[in-house]
Amino acid sequence: MAKCAFCRKLIEQGTGMIFVKNDGRQFNFCSSKCRKNLFKLQHVPRYTKWSKAYEKGVQKNKEETKTQ
Ligand SMILES: [Zn+2]
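Now for a description of the structure that goes with this document. (Residues numbered from 1 in each chain as written. Predicted model: local features only at pLDDT ≥ 70, side-chain atom pairs only at ≥ 80, totals over all residues.)

## Notes on the overall build of the protein chain
Along the protein chain, the regular secondary structure elements total two helices and two strands. Sequence-ordered secondary structure for the protein chain, helices as α and strands as β, is β-β-α-α. By the burial criterion, 21% of the 68 residues in the protein chain qualify as buried. Taking the contacts inside the protein chain whose residues are at least 6 apart along the sequence as the reference set, 38% of them involve residues at least 24 apart. (Helix = DSSP H or I, 4+ residues; strand = E, 2+ residues; numbered from the N terminus. Buried ≥ 20, exposed ≤ 12 C-beta atoms within 10 Å, placed from the backbone. Contact = placed C-beta atoms within 7 Å.)

## Here we look at helix α1 (residues 32-40)
Looking at α1, one finds that the buried residues are C34, R35, N37 and L38. In an axial view of α1, the angular spread of the buried residues amounts to 165°, which keeps them on one side of the axis. Residues S32 and K40 are exposed on α1 and point more than 90 degrees away from its buried face. Lining the buried residues of α1 we find β1 (17-20) and β2 (26-29). Phi turns positive, to about 55°, at Q42, one or two residues after α1. (Arc of directions from axis to C-beta.)

## Details of the nonpolar core
Among the nonpolar cores identified, the biggest contains nine residues, and these are C4, A5, F6, C7, I11, F29, C30, C34 and L38. Setting aside residues no more than four positions away along its own chain, I11 makes contact with M1, A2, K3, C4, G16, N28 and C30. (Core = buried A, V, L, I, M, F, W, Y, C linked by C-beta atoms within 7 Å.)

## Here's the deal with the pairing of β2
Relative to β2, β1 is paired through four bridges, and the arrangement is antiparallel. Within β2, the position partnered with I18 by the bridge is N28. Counting the residues in the hairpin turn of β1 and β2 gives five residues, including G24, whose phi is positive at 95°. (Pairing = 2+ DSSP bridges.)

Shown next as structure tokens:
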């Protein structure tokens, strides 16, 4: 199963879409919301609260602060 290029969540079979750019790069998206956030709104997944990449970033920051 593919992961969403923006929110990094697993995409259920039969849902989502594959977006192919003019340069041939493939992007899997779970929803139009993720596609719009990446290309139209140009949001960064790490700074978008509802994405898994953000959760991971927060956890990393916590670990870093613990070790210091
Ligand atoms: Zn997504």
